[in-house]
Amino acid sequence: MSAAIGIQLAQAVLVVMLAPLFAGWVNQCRAWLQNRRGPGLLQPYRVLRKLFHKDAVLAHRASFLFRATPYIRFGCMVLAAYIIPTLASGLPISPAADVIALVGIFALGRVFMALAAMDIGTAFGTMGARREMLVAFLAEPALLMVFFTPALISQSTSLSTIVHTLAYQPFVIHPGLAFAAIAFLMVLLAENARIPIDNPATHLELTMIHEALMLEYSARHLALMDWASNLKLLAYTTIGLALFVPWGIAKALDGSALWVALLCLLAKLAVAGAALALLETLSAKLRIFRAPEFLAMAFLLAVLGLLTHVLLEGAA
Amino acid sequence: MLEGPQLAIALALAGSLHWLAVGLAGLAAPQSLFWVARILFPLGALGGLAMAAAGMVALPLEPGTAILPLGLPDLPFHVRVDALSAFFLVLLGIASVGVSIFSAGYFRAGHGTAPGLLCIQYHVFLASMALVLVADDAYLFMVAWETMALSSYFLVTSNHRIPEIRRAGFLYLLIAHVGAVAILLSYGVLQAGQGDYVFGSMRAHPPEGGWAATAFVLALFGFGAKAGLLPLHVWLPEAHPAAPSPVSALMSGVMLKTAIYGLLRVTFDLLGAPQWWWGVLTLVLGLLTAVFGVMFAAVQTDMKRLLAYSSIENIGVVLIAIGLAITFRAYAMPLLAALALTAALYHCINHALFKSLLFLATGSVLHSTRERNLGKLGGLIHSMPSVAFFALIGALAIAGIPPLNGFVSEWLLLQAFLATPSLPNSYLNMLIPLGAAALTLAAGLAGYVMVKFYGVIFLGQPREPALARAHDAGWLERLGMAWLVAGCVALGLLPLKVVTILDPVNNLLLAQTLGETAARSGWLFITGLAPERASYSPLIVFCGMLAVVAATFLVVRFRYDCRLRRGDPWDCGYPGLTPRMQDTAEGFGQPIKQIFEPMFRIERQLPTPFDERPVYRATADDHFWYWAYLPIARLTERVSRWIGVLQHGRISLYLLYSLATLVVLLLVVS
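The shown structure was predicted, so the numbers you read here are calculated from the model rather than taken from an experiment.

### Focus on the overall build of chain A
From N to C terminus, chain A includes 11 helices and one strand. Across chain A, helices and strands are ordered from the amino to the carboxyl terminus as α-α-β-α-α-α-α-α-α-α-α-α. By the compact-globule yardstick of 20 Å for 316 residues, chain A fits well, its C-alpha radius of gyration being 19 Å. With the principal axes as the frame, chain A shows a C-alpha extent of 60 × 45 × 45 Å. A burial count over chain A gives 60% of its 316 residues as buried. Taking contacts inside chain A between residues at least 6 apart in sequence as the whole, the part at least 24 apart equals 80%.

Written out as structure tokens, the structure reads:
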């Protein structure tokens with residue numbers, strides 16, 4: 001049991017520490033694809049370090065909600081890092097929260113972030129909050145629908161069991177999962193403020209969603225928010241890896257399997273980050289009112305995936 | 001000494017009598033605010049405790065019955081407390097304690113009905129709801145049901161000098177009575193020609209086939225009218241804002257649940273085995289209601305109307321769960337039916353807590369600012385910190401955010417949905433995932449609505465200068481809200497306890513318990529059907545969250561030098577920030593209006609470039625008014641005009657009518 005808890009802790013620490021690196025990797029790949037040299041893989045760490053050392057400036061009207069939000073959001077993402085089977089399935093905390101609870105935990109972070117953005121009462125803050133919630137109310141059901149297909153396949157909403165079923169049962173092609181994978185990719189892009197919904201590199205006020213929410217944050221608060229965003233990207237990526245390419249995640253809690261799992265994870269993340277950068281480089285940002293169409297499409301694809309599964313495999 | 005079920009019945013009846021007595025005591029000094037508010041309302045809260053106690057006593061027990069020495073000769077009132085009524089008694093009791101304590105600090109002198117009259121109406125309303133829950137014959141049920149409708153009508157119109165409020169009250173009364181007629185007819189079908197309106201004999205001889213379906217459809221219509229089921233929802237957004245806030249809280253939190261109680265009583269208890277399409281009908285109507293309600297909530301600009309539409313959504317969610325339960329029951333899958341029914345009951349009590357809480361919070365805001373319009377509020381988190389805190393918990397709970405209570409019922413309901421592929425009907429297997437999609441969409445939108453509700457009222461800059469004078473609620477109001485907040489948190493963190501407590505209802509209605517299955521992973525977790533299928537532990541999530549937040553805070557605090565400076569907002573370097581630059585409620589709802597435009601009847605009044613005083617106005621109305629209600633109203637008026645031809649007001653003419661009737665009757669008789 002204590003070994004399991006140790007692995008659990010190690011996994012969470014690894015994810016939390018790895019998150020800025022993954023963001024740096026995506027940025028680096030983007031820079032290469034755009035014929036730039038890029039700031040280097042470690043740039044996000046340097047930014048975090050700088051921000052943690054600065055003095056915070058808080059607007060006069062900021063309430064307790066504004067100050068608590070960075071911690072709560074960071075907490076949500078760390079909790080997600082505990083729950084998602086990144087290295088090993090069947091960890092001790094996995095029964096505490098299934099995929100539905102995971103979606104709920106993401107929602108908790110998001111709602112607090114939107115509320116904090118409205119707290120100061122600036123035009124950009126409220127606009128960002130509105131747009132964030134607009135993206136969220138479509139992305140959240142799409143995400144749940146994405147999860148329902150593997151949940152029906154494995155007869156369980158526990159991520160650990162889903163991974164177990166998909167990775168260690170004899171390989172079966174599930175056509176429903178293909179739809180779910182595309183829908184999940186679209187949700188990932190939308191929820192993590194990537195192109196085509198939002199541009200993570202922009203600071204042009206009228207086009208942004210995610211950055212507008214954090215305009216009033218500075219120093220350590222901003223650092224936590226940034227770190228939480230990096231964590232969220234990594235969390236979504238590892239969820240995607242766990243659902244759609246689960247091979248390599250350790251089943252047993254022994255040393256060699258874990259090392260293999262770690263190597264597999266790093267390789268998969270490297271590929272996923274490069275693919276994400278490629279995808280972002282190839283597409284253009286949508287107008288904000290095209291975003292609902294994009295997400296409605298994701299939602300419909302996810303529902304189609306579910307229906308495909310029910311039609312083709314439901315009788316079984 | 002009374003024991004078991006008899007004790008529960010005695011407690012429930014004593015609570016009702018206590019409420020009636022407290023109400024009547026209001027007449028002793030109807031104008032004295034101190035007597036009514038500070039003494040009688042807290043006494044009324046004791047009645048709520050009695051109800052909750054009665055329910056808790058009766059829940060695990062066998063049903064108990066009694067015959068009251070009241071009613072017509074040879075037609076006495078029958079009462080019965082079984083697990084179902086006990087559960088709803090608990091709900092009534094818990095919610096009414098919070099609302100009564102709040103009311104003690106809320107009612108002020110000066111407008112509308114005298115405090116003493118409000119007191120009697122309020123307590124009669126409470127007592128009649130309790131009697132609806134314990135009634136064991138259609139006669140007492142209808143008497144209590146009508147008393148409930150009338151007393152709440154008077155409460156809704158307590159500010160009767162305002163014409164809109166009178167109109168809202170009339171609409172409420174009208175739909176309540178259309179519904180009551182349907183319920184009466186449903187009982188008429190259920191007694192199946194035996195002339196015995198006691199529920200026991202209805203239960204013993206359930207109607208068959210078409211008659212059963214008729215009784216079900218009538219009950220769905222009648223109780224749906226009270227619950228706010230589409231398309232009978234139109235009274236809710238009118239009546240809830242018109243009533244004083246504690247009354248809105250009771251109507252939305254508890255009265256709507258009596259309709260759910262009635263529907264469960266008829267469908268699961270009095271009618272025999274259901275037909276599968278009953279469940280599908282309820283499910284589809286519930287889905288439409290949920291999506292419709294939340295969509296309209298998103299575009300509202302009046303905070304109480306927003307909450308009223310959100311109540312429609314929540315009733316929709318409850319009906320979705322009930323629809324699933326009926327479907328599972330029709331296919332003889334009692335365990336899944338128990339899961340869905342548990343979700344329905346859980347959501348009922350959740351909604352009673354958080355919706356009452358939010359209505360009470362709007363009441364405090366209303367008192368402190370005299371403003372209901374979201375466009376004129378803002379920034380109240382600074383002047384009303386405790387109300388803002390309570391409302392935050394309520395808003396998070398209703399948005400279905402873990403680890404609060406709204407999430408638990410949503411989780412249970414989704415688990416029930418995920419079990420639908422085991423249904424033996426392949427069409428349903430295909431269609432029900434679409435239902436899950438609609439439900440998740442409604443849940444997603446609920447988050448949007450609550451961010452709008454909370455953000456526009458409590459966050460940002462005050463949109464009016466007068467808001468600077470806003471003050472926090474008094475201690476009684478805060479106590480009432482804190483009671484409900486405690487309920488939200490407890491129900492969120494201890495779901496297994498709640499499921500075990502309400503399990504006797506499953507046993508009564510479905511002869512199947514969920515308790516053992518839900519508890520299979522130990523007391524920390526709740527599992528839907530089996531531990532390997534799904535489990536959730538709000539306590540672990542909450543404690544983990546707390547630990548991570550605390551650790552982060554401490555590390556940041558001690559590792560780095562945490563200096564803090566206050567300054568002007570950055571706002572991209574723009575200096576002239578005014579409250580007008582924030583989103584209004586309209587602005588926040590605008591994306592929803594745009595995305596779901598066909599759902600609304602939008603009227604825009606836009607100025608031309610040459611207008612001296614340009615006016616912008618955009619309203620989003622309900623299609624149902626124009627498609628259903630106004631045509632029916634016009635038809636009714638036309639029919640009454642035809643009938644009105646008979647009336648001339650001359651007495652000789654009326655005498656002639658009487659004579660003609662007499663002659664015709666004599667002809668018929670001979």
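Continuing now.
### With respect to the overall build of chain B
When helices and strands are counted, chain B shows 24 helices and seven strands. In terms of C-alpha radius of gyration, chain B reaches 26 Å, essentially the compact-globule figure of 26 Å for 670 residues. Here the C-alpha coordinates of chain B stretch approximately 105 × 70 × 60 Å along the principal axes. The proportion of buried residues among the 670 residues of chain B is 56%. Long-range contacts, defined as pairs at least 24 residues apart, comprise 78% of the intrachain contacts of chain B with a sequence gap of at least 6.

### Brief notes about the domain arrangement of chain B
For chain B, the domain assignment lists domain 1 (280–559) and domain 2 (628–670). For domain 1 of chain B and domain 2 of chain B, the distance between their C-alpha centres works out to 52 Å.

### Side note on the interface of chain A and chain B
How large an interface is tends to be reported as the accessible area lost when its parts come together. Contact residues are listed per partner, giving 72 residues for chain A and 71 residues for chain B. Only helix H2 (43–53), strand S1 (56–59), helix H3 (64–83), helix H4 (99–119), helix H5 (123–154) and helix H11 (291–313) of chain A provide two or more residues apiece to the side of chain A that touches chain B. Residues that form the side of chain A that touches chain B fall into these classes: 49 nonpolar, 14 polar and nine charged.

### Focus on the nonpolar core
Ranked by size, the top nonpolar core spans 369 residues in total, and within it A:Ala142, A:Ala302, B:Ala321 and B:Ala340 carry the most contacts. A per-element tally of this core places helix H13 (residues 334–369) of chain B first, with 21 residues.

### Some points on helix H19 (residues 495–510) of chain B
Spacing of three or four residues puts side chains on the same side of an α-helix, whose turn is 3.6 residues. At B:Leu502, H19(B) shows its strongest bend, of approximately 40°, with the proline B:Pro504 following within four residues. Directly after H19(B), the chain includes B:Ala511, whose backbone phi takes a positive value near 55°.

### Things to note about helix H12 (residues 303–330) of chain B
Residues and elements named next belong to chain B. Under the 1.5 Å per step criterion, the end-to-end length of H12 is 41 Å for 28 residues, consistent within 8% with the ideal 40 Å. Counting buried residues along H12, 27 of its 28 residues qualify, which places the element largely inside the surrounding structure. Just past H12, the residue Ala332 takes up positive phi, approximately 55°.

### Quick look at the environment of A:Leu265
Residue and element names in this part refer to chain A. Turning to its location among the elements, Leu265 is positioned in helix H10 (residues 255–282). Judged by the 21 C-beta atoms lying within 10 Å of it, Leu265 is buried. Sequence separation between Leu265 and Ala31 is 234 residues, and the spatial gap between their C-alpha atoms is 23 Å. In contact with Leu265, not counting residues within four places along its chain, are Thr86 and Leu87.

### With respect to the packing of helix H10 (residues 245–270) of chain B against H13(B)
Residue and element names in this part refer to chain B. The geometry of H10 relative to H13 is characterised by a closest axis approach of 7 Å and an angle of 165° between their N-to-C directions. Taken as axis vectors, H10 and H13 run roughly antiparallel relative to one another. Regarding H10 and H13, the two cross each other, and that crossing is right-handed. Across the interface between the two elements, Ser245, Pro246, Ser248, Ala249, Ser252, Gly253, Val254, Lys257 and Ile260 from H10 touch Cys348, His351, Ala352, Lys355, Ser356, Phe359, Leu360, Thr362, Gly363 and Leu366 from H13. Among the residues making up the contact of H10 with H13, the classes are represented as nine nonpolar, eight polar and two charged.

### Brief notes about unusual backbone geometry
Negative phi characterises most residues that are not glycine, and trans characterises most peptide bonds. In this chain, B:Leu230 is followed by B:Pro231 through a cis amide linkage whose omega measures -5°. By the secondary structure assignment, B:Pro231 is in the loop between helix H8 (209–227) and helix H9 (236–242). Omega for the peptide link from B:Pro402 to B:Pro403 comes to 5°, which places this bond in the cis form. Assignment of secondary structure puts B:Pro403 in the loop between helix H15 (385–398) and helix H16 (405–418). The phi torsion at A:Gln155 lies on the positive side, around 60°, for a residue other than glycine. Looking at the secondary structure, you find A:Gln155 in the loop between H5 and helix H6 (159–168).

### Focus on the environment of B:Val81
Residue and element names in this part refer to chain B. By the element assignment, Val81 lies in strand S2 (residues 75–81). Distance in space between the C-alpha atoms of Val81 and Pro5 is 7.0 Å, their sequence separation being 76 residues. When neighbours within four sequence positions are excluded, Val81 is seen to be in contact with Pro5, Ala8, Ile9, Ala12, Ala54, Ala58, Pro63, Gly64, Ala86 and Val134.

### Some words on the pairing of strand S1 (residues 64–72) of chain B
All names here are of chain B. With seven bridges connecting them, S1 and S2 associate as antiparallel partners. Paired with Ile67 across the bridge in S2 is His78. If you look at the hairpin formed by S1 and S2, you'll find two residues sitting between the two strands, and Asp74 has a positive phi there, around 65°.

### A look at the packing of H4(A) against helix H17 (residues 426–458) of chain B
Two elements in contact, H4(A) and H17(B), have axes whose closest approach is 10 Å; the angle formed by their N-to-C orientations is 30°. Classified by the interaxial angle, the pair formed by H4(A) and H17(B) is roughly parallel. In this structure, H4(A) crosses over H17(B), and the sense of that crossing is right-handed. Here H4(A) contributes A:Ala107, A:Val111, A:Ala114, A:Leu115 and A:Met118 to the contact with H17(B), which in turn contributes B:Gly447, B:Val451, B:Tyr454 and B:Gly455.

### Quick notes on the confidence of the model for chain B
Confidence in the prediction for chain B averages 89 pLDDT; 99% of positions are at 70 or higher. Overall fold confidence for the complex sits at a pTM of 0.94, while the interface term, ipTM, reaches 0.94.

What counts and what doesn't
Residues numbered from 1 in each chain as written. Chains lettered and ligands numbered in written order. Predicted model: local features only at pLDDT ≥ 70, side-chain atom pairs only at ≥ 80, totals over all residues. Helix = DSSP H or I, 4+ residues; strand = E, 2+ residues; numbered from the N terminus. Rg over C-alpha atoms; globule rule 2.2 N^0.38 Å. Buried ≥ 20, exposed ≤ 12 C-beta atoms within 10 Å, placed from the backbone. Contact = placed C-beta atoms within 7 Å. Domains from an automatic or database assignment. Nonpolar A, V, L, I, M, F, W, Y, C, P; charged D, E, K, R; others polar. Core = buried A, V, L, I, M, F, W, Y, C linked by C-beta atoms within 7 Å. Bend = angle between axes of the 7 residues up to and from the residue. Expected span 1.5 Å × (residues − 1). Axes fitted to C-alpha atoms, helices over the stretch in contact; angles between N-to-C directions. Parallel < 35°, antiparallel > 145°, perpendicular 65-115°, else oblique. Left-handed = near helix turned anticlockwise from the far one by under 90°. Pairing = 2+ DSSP bridges. pLDDT = per-residue confidence, 0-100.

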